[in-house]
Amino acid sequence: MAEHFAVNGGARLAGAVDVVGAKNSVLKLMAAALLAEGTTTLRNCPEILDVPLMADVLRSLGCTVTVKGDTVTIDVPAEPGAQADYRSVSKLRASVCVLGPLVARCRRAIVPLPGGDAIGSRPLDMHQAGLRKLGATTEIEHGRVVAQADELRGAQIWLDFPSVGATENILMAAVLADGTTVIDNAAREPEIVDLCTMLQQMGAKIDGVGTSTLSVLGVTGLQPAEHRVIGDRIVGATWAFAAAMTRGEVTVRGVDPHHIDLVLDKLRTAGADTVVGNEEFTVRMDQRPTAVDFVTLPFPGFATDLQPMAIALSAVAEGTSMITENVFEARFRFVDEMVRLGADARTDGHHAVVRGVDRLSSAPVWASDIRAGAGLVLAALCADGQTEVWDVEHIDRGYPRFVENLRGLGADIQRVEGEPNR
């Protein structure tokens, strides 16, 4: 039976909400466990659909995986399999991150081209080019990435774009390569830092963590580790936008505020008051937000994952905003659903122009990806009447206890079973 969220607009969100581990980190950390025989334990994991999906990918490679609450335990055999199961990989974009660890550990990897969110192409060209620099051969064959290497050797690697996925795969292959690998123009996201931290706990030698140049001295072997996943900055920022849009006051706990410095600065420009503490922050808005422009860029720029929230804020702000998308070309699909809710928005290539309205109006809408779904719910909180948000399985893949957390902040929202009347 299909499910949707029924959202009655008009509530002012107030209170505190706890954020757990980052979706964009935990899945890569689970893949990194493949680099060492034995049992790796991850704590503070989010209880979202993507975690058991990644667990299935690892099980298809011979691992024993236990998911219990916020703890994931991964027991990796001495000789993991090199071929990931198509049914598991096809549901999850992040599953391609097993490519680097498998090449490093098994010297061979067969990984089906991944599935996941419909937000635009994510080509694997840089992943493959980096692995080739390290001495592997790679090709796309029958819908699968096939990579193999007799040995991996350190290399100088320049990324044309600071791709998070390519940085992760190359990094995880380089930690077991012979010699030193230097990755220039590497991604700098906090999730990359989290991965580097865990790899160092496993015995990897990595310098330049948090910068655009990573230097990796390969070692002959790694050991399993226990690691606590960093708080999810995207979820934390979503609650910050929700507070500003509903003219509320929300304290967000469990995430480093410095991971969303730019977000908080934008919200202050829009008229919000912010208070930053240790692993927590508070956003308070007492009036209608003022229009602000947004440009998505790799970290430390404004995250593309927050673009739907930026458009939702702009839709109810006073004035006109321009949102520029530089990362995923299909992310503006979300705008069509916002127009259903009465938003005055137009797109042209990489740009969206949004003229704020006093209040949005309820309508049935459909989520096309995780962040679009969250953005639609935030917009529904600012709409007259009851809005139905469909395809909420996307939201469940990235936001643990989403409905419960919103209700705890005072939102009128419930999960409802039933088929849509399309």
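Each chain carries its own residue numbering, running from 1 in the direction its sequence is written. Local features in this predicted model are restricted to residues of pLDDT 70 or higher, and side-chain atom pairs are both shown and tallied only at a pLDDT of 80 or more, whereas totals for entire chains, interfaces and linings draw on every residue. Computation of side-chain values covers all heavy atoms of the structure but excludes hydrogens and water.

Here we come to the layout of surface pockets. One number sums up the size of the second largest pocket: a volume of about 180 Å³. With a 1 Å grid spanning the protein atoms alone, the term cavity applies to any set of points in which a 1.4 Å probe fits but cannot get out, the term pocket to an open set with protein on both sides within 12 Å along at least five of seven lines, and the term lining residue to any residue with an atom within 4 Å of a point. As for the second largest pocket, its lining consists of 15 residues, and the residues nearest its centre are Asp 18, Val 20, Pro 400, Arg 401 and Asn 405. Grid points are joined across faces, edges and corners, and a volume is the space filled by probe spheres set on the points.

Right, let's get into the sheet that holds strand β5 (residues 71-76). Strand pairing is defined by DSSP finding a minimum of two bridges between the two strands. Secondary structure elements are defined from DSSP: runs of H or I of at least 4 residues count as helices, runs of E of at least 2 residues count as strands, and each element is numbered from the N terminus. Pairing within the open sheet is mixed, and its four strands lie in the order β4-β5-β3-β13. Looking at strand neighbours, the two that pair on one side only are β4 (64-68) and β13 (226-228), the edges of this open sheet. Put simply, the sheet's adjacent strands are angled 15 degrees from each other on average, direction ignored. Bridging between strand β3 (residues 38-43) and β13 involves three bridges; their strand directions are parallel. If you follow Thr 41 over to β13, its bridge partner there is Glu 226. Residues count as neighbours in contact if any of their non-hydrogen atoms are within 4.5 Å of one another. For helices, the fitted axis covers only the stretch in contact; all axes are lines through C-alpha atoms, and the angles between them, taken along N-to-C directions, range from 0 to 180 degrees. On top of the sheet, helix α2 (residues 50-59) reaches β4 and β5; it is set at about 165 degrees to β4, its chief contact. Helix α7 (residues 190-201) rests against β3 and β13 of the sheet, and its axis sits at about 160 degrees to β13.

Side chains carrying opposite charge are able to pair once their charged atoms draw close together. Whenever Lys or Arg places a side-chain nitrogen within 4 Å of a carboxyl oxygen from Asp or Glu, that contact is recorded as a salt bridge. Under the definition given, this model contains 17 salt bridges. Across the salt bridge formed by Arg 415 and Glu 3, the nearest N and O atoms sit 3.0 Å from each other. Here Glu 3 lies in strand β1 (residues 3-8) and Arg 415 lies in strand β25 (residues 412-417), a separation of 412 residues in the sequence. The buried label goes to any residue with under 20% of its type's maximum accessible area, the exposed label to any with over 50%, and the partly exposed label to all in between, with areas taken from a 1.4 Å probe on protein chains only. In this structure Arg 415 comes out as partly exposed when scored by relative accessible area, which is 36%. Since its relative accessible area comes to 27%, Glu 3 is described here as partly exposed. Between Asp 305 and Arg 371 there is a salt bridge whose closest N-O contact spans 3.8 Å. Remark: Arg 371 occurs in helix α12 (residues 370-380) and Asp 305 occurs in the loop between β17 (294-295) and α10 (307-316); sequence separation between them is 66 residues.

A separate point is the pairing of strand β12 (residues 213-217). Consecutive residues of a regular strand have side chains that alternate between opposite faces of the sheet. Side chains of β12 alternate between two faces, with Leu 214 and Val 216 buried and Thr 213, Ser 215 and Leu 217 left unburied. Strand direction decides the pairing type here: strand β10 (residues 180-184) and β12, joined by five bridges, are antiparallel. Residue pairing for β12: Thr 180 is matched across the bridge by Leu 217. Taken together, the three bridges between strand β11 (residues 205-207) and β12 define a ladder with antiparallel strand orientation. Bridge pairing in β12 links Asp 207 to Ser 215. A loop of five residues connects β11 with β12, the two strands running antiparallel in sequence, and Gly 208 in this loop sits at a positive phi of about 80 degrees.

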